[in-house]
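Chain residues, written in single-letter form:
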Amino acid sequence: MSYLRLEKAVMTNLQESLRRELLRTNRSGAYSSSTLVDCNTRKYHGLLVVPVPELDDENHVLLSSLDCTVIQHGAEFNLGLHKYQGNNFSPNGHKYIREFDASLVPTTTYRVGGVVLKKEVIFQHYEDRILIRYTLVEAHSATTLRFRPFLAFRSVRQFTHENSTASREYTPVDNGIKTCMYAGYPDLFMQFSKKNEFIFQPDWYRGVEYPKEQERGYASNEDLYVPGYFEMPIKKGESIIFSGSTSQIKTSTLKKLFDEEVADRVPRDNFYHCLVTAAHQFHFRDRRSGTMEKIDKKDERYLLAGYPWFKARARDTFIALPGLTLAIGERDYFELVMRTAERGLREFMEEKPLSVKIYEIEQPDVPLWAIWAIQQYVKDAGKDEGYQRYGKLASDIVDYIIKGGHPNLRLDENGLLYSNGRDRAVTWMNSTANGRPVVPRSGYIVEFNALWYNALKFCASMAAEKGDAQRAEDLEKRAELAKQSFVDTFVNEYGYLLDYVDGNMMDWSVRPNMIFAVALDYSPLNQQQMKNVVDICTRELLTPKGLRSLSPKSGGYNPIYVGPQTQRDYAYHQGTAWPWLGGFYMEACLKLYKRSRLSFIERQLVGYEDEMDYHAIGTISELFDGNPPFHGRGAMSFAMNVAEILRTLKLMDKYSYQK
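Note that this is a predicted model, so its numbers are computed, not measured. (Residues numbered from 1 in each chain as written. Predicted model: local features only at pLDDT ≥ 70, side-chain atom pairs only at ≥ 80, totals over all residues. Heavy atoms only, no water.)

1. Side note on the overall build of the protein chain
Just so we agree on the cut-off: The secondary structure listing takes helices from DSSP runs of H or I that are at least 4 residues long and strands from runs of E that are at least 2 residues long, numbered from the N terminus. C-alpha atoms define the radius of gyration, and 2.2 Å times the number of residues to the power 0.38 defines the globule rule. Only protein chains enter the area calculation, which uses a 1.4 Å probe; residues under 20% of their type maximum are buried, those over 50% are exposed, and those in between are partly exposed. Between two residues, a contact is recorded if the distance between any of their heavy atoms is within 4.5 Å. Reported accessibility uses the Shrake-Rupley method at a 1.4 Å probe radius. Residues are deemed covered only where the shown protein chains occlude them. Neither His nor the chain ends is counted toward charge; the positive residues are Lys and Arg and the negative residues Asp and Glu. Think of each charge as sitting on NZ of Lys, CZ of Arg, CG of Asp or CD of Glu.
Looking only at helices and strands, the protein chain features 17 helices and 35 strands. Computed over C-alpha atoms, the radius of gyration of the protein chain comes to 26 Å, within 12% of the 26 Å expected from 2.2 N^0.38 for 659 residues, which places it in the range of a compact globule. If you line up the protein chain on its principal axes, its C-alpha atoms span 85 × 55 × 50 Å. For the protein chain, buried positions account for 62% of its 659 residues. Long-range pairs, those at least 24 residues apart, make up 65% of the contacts in the protein chain with a sequence separation of at least 6. When the accessible surface of the protein chain is totalled, it reaches about 25,000 Å², and 48% of it is carbon and sulfur. Treating the 83 positive side-chain charges of the protein chain as one cloud and the 84 negative ones as another, the clouds have centres 3 Å apart.

Structural data, given as structure tokens:
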């Protein structure tokens, strides 16, 4: 039985199939995404969505979809599906679906009378090219396939509508055509592995509607341009491959290319392999062309924070990096990403213009998370290699903070770090409304100072290993001061930790940020204090999808992430559940209770494995409602969530072998 296989009953039920999404990426920023029945429900959906750096920093939908029609004895059976205004679906091609299987390559099998047609879709790695292979598995009479492309040529944040500016011109190329709707866009090459006839029949399909955008309070409909259709006969057992790309290809190579791309895929035959595949989807290799002085920057490596709308963000990069690389034995990619990230960090610390495409690097906890990521590398690669590669960076970051180099990170005399977040969000809880932080965490912030203590202890240990006794002693003194102040500042009489303290302002809300003070390798808390923190997180924050961002017992609890932008902003960190926080919670449990909690952790992981075929196939959504049934929300795939579940799986292996 296939791990990711859905039967006809699920696929033909639009209530079930439309909420399941599929994502394919090329590891260079382009992607392809839709629902399992190929009915786009977001403005971010599209068959070929690519960055167009000549225009802006956004992705752009070139090819929205490709409808396939089976023709026999003059009868036409359109396998496509679109939602139009008034809750009208057409042409209802989903009713022909027999099954869907995404174990290796997403494959949909259709049955139309005596015709069985199999469709396999794959995105070529590092190229802006979507490939679709159609195989006629069964047919009892002459069969023709007709393909009708729906073009958008727009940013993922906008819509296109019928207009007279769009170019209708096209140029024949090898077994296909190339066309471009607007100046500034690349040509779209649509080619087949077989000779075909293109019928020029330009038209606009009006009122295509995206229900996900309706739910989010945005405009939700557009018009799509169809230049005509391609038509060709197909025999039983024959395969035809379609290529949609920004570059032309020799069509005689399409069969070999498709087979090579399939061979390069990891079978998604279990939970772990699904997460590994998802981890690779966040890879981003920047292939910018440059002048000779920029030649060293032409092959930068990043981790995208999520799909479909997130870029490479600094905090997300450092939190996700160990799980997406080290946890799956890919230390080399950790080093590639860290090489890019280190350049960005050093440029920021030296107040130089940023030359890398990493966003939000100015956030005050970013250098602290960088040290945490280095710490994970040292544990994986060993002290000698780890210190040699990144010891100086970790040490330089600590000195930078001590000397007051960061514009919003002040080291006070009590040994704690202070950051001003009253007017601008400075932590991962970064939602804003009316220009102000929804959760204005400011002053002594609990995870900042847990990370700071951990960083001081890590660098002190490193200095001692290197024989620098004076530096080790100095850092240990700073760590001891920070430890005492941490306990005095954050531990309250109820046994949990205050979320932040700013002068006389103390946030007594029960939030998950206290879990870092337990999960990190070096904790400022004693054993009983750590157990108290884990206990209250278990009682008030734990869900099957991670930790809630706020306890139901705290004021302002708002666990359902739905509605217009402002409504969602107020719910974003006020009770929603986050799997990546669950990863640190599970690490804290294993740290405290060792092997005795393994069965408990295994049961927790079931909640994440359930997601593999429920929302976005084979990956984990950005966040979940804090109340049952814990519905997935936000971005369809989120790097920190995938990373922390992978890191938890590796930690479980470690504790399983410990006596």
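Now, onward.
2. A few points about the sheet that holds strand β27 (residues 444-445)
Operational definition: Here the rule is simple: two strands pair whenever DSSP picks up at least two bridges between them.
A sheet is described by the order of its strands in space; here three strands give the open sequence β27-β28-β29, paired in antiparallel fashion. The sheet is open, and its two borders are formed by β27 and β29 (505-506), each paired with just one other strand. One ladder, built from two bridges, connects strand β28 (residues 500-502) with β29; its direction is antiparallel. Bridge pairing in β29 links Asp502 to Met505.

3. Here's the deal with the packing of helix α15 (residues 579-593) against helix α17 (residues 639-656)
So the rule is basically this: Orientation is described by axes fitted as lines to C-alpha atoms, over the contacting stretch for helices, and by angles from 0 to 180 degrees between their N-to-C directions. An angle below 35 degrees is treated as roughly parallel, one above 145 as roughly antiparallel, one from 65 to 115 as roughly perpendicular, and anything else as oblique. By the definition used in this description, the sense in which the near helix is turned from the far one sets the handedness, with an anticlockwise turn below a right angle giving left-handed and a clockwise turn giving right-handed. Three classes are used: nonpolar for Ala, Val, Leu, Ile, Met, Phe, Trp, Tyr, Cys and Pro, charged for Asp, Glu, Lys and Arg, and polar for all others, with Gly counted as polar.
Viewed as axis vectors pointing N to C, α15 and α17 meet at an angle of 15 degrees, and their least axial separation amounts to 7 Å. Of the possible angle classes, the one that applies to α15 and α17 is roughly parallel. In this structure, α15 crosses over α17, and the sense of that crossing is left-handed. Each of Pro579, Trp580, Gly583, Phe584, Met586, Glu587, Leu590 and Lys591 in α15 lies in contact with α17, whose residues at this interface are Met640, Asn641, Glu644, Ile645, Arg647, Thr648, Leu651, Met652 and Tyr655. Across the contact of α15 with α17, the residue classes tally to 10 nonpolar, three polar and four charged.

4. Digging into the side chain of His615
Within the fold, His615 resides in the loop between α16 (598-609) and β33 (623-624). Of the residues examined, His615 reaches a relative accessible area of 6% and is grouped as buried. When neighbours within four sequence positions are excluded, His615 is seen to be in contact with Arg19, Arg20, Glu21, Ser621, Phe624, His631 and Gly632.

5. Observations regarding the pairing of strand β16 (residues 188-192)
β16 sits mainly inside the fold: five of its five residues count as buried. Both faces of β16 are covered, namely the face carrying Leu188, Met190 and Phe192 and the face carrying Phe189 and Gln191. With four bridges joining them, strand β15 (residues 176-179) and β16 adopt antiparallel strand pairing. Bridge assignment links Lys178 to a residue of β16, and that residue is Phe189. Relative to strand β19 (residues 239-245), β16 runs antiparallel, the two sharing four bridges.

6. Re the environment of Lys591
Here Lys591 shows up in helix α15. Placed 64 residues apart in sequence, Lys591 and Tyr655 show a C-alpha to C-alpha distance of 9.1 Å. Sequence-distant contacts of Lys591, that is, excluding residues within four places in its chain, are made with Val518, Ala519, Leu520, Asp521, Ser523, Met530 and Tyr655.

7. As for the nonpolar core
Using the following cut-off: Only buried residues count toward a nonpolar core, which is a set of Ala, Val, Leu, Ile, Met, Phe, Trp, Tyr and Cys residues joined through side-chain atoms within 4.5 Å.
Judged by nonpolar contacts, the single largest core of 216 residues is most densely connected at Leu324, Met338, Ile515 and Tyr585. Ranked by the residues each element gives to this core, the list is headed by helix α10 (residues 446-465), at 12 residues. In contact with Ile515, not counting residues within four places along its chain, are Val533, Val534, Cys537, Leu547, Phe584, Tyr585 and Ala588. Among the nonpolar cores identified, the runner-up in size contains nine residues, and Ile122, Leu131, Leu257 and Phe258 belong to it.

8. Quick look at α15
The condition that has to hold: Helix span is expected to be 1.5 Å times the residue number reduced by one.
The end-to-end C-alpha distance of α15, which contains 15 residues, comes to 21 Å, matching closely the 21 Å that a straight helix rising 1.5 Å per residue would cover. Following α15 by one or two positions, Lys594 adopts a phi angle in the positive range, close to 55 degrees.

9. Quick look at the confidence of the model for the protein chain
For the record, the criterion: For every residue, the pLDDT score states the predictor's confidence, bounded by 0 at the bottom and 100 at the top.
Summary statistics for the protein chain give a mean pLDDT of 94 and a share of 98% for residues scoring 70 or more. Here residues 289-297 scores under 50 on pLDDT; set against residues more than four positions off or in separate chains, the count is five contacts.

10. Thoughts on the sheet that holds strand β11 (residues 115-123)
What the nine strands build is an open sheet, ordered β1-β9-β10-β11-β12-β19-β16-β15-β14; its pairing is antiparallel. Two strands lie at the open edges of the sheet, namely β1 (5-7) and β14 (170-173), each paired on one side alone. Between one strand axis and the next, the sheet turns by 15 degrees as a mean value, whatever way the strands run. Of the strands in this sheet, β11, β12 (129-138), β16 and β19 are in contact with helix α4 (residues 254-263), which crosses β12 at around 100 degrees.

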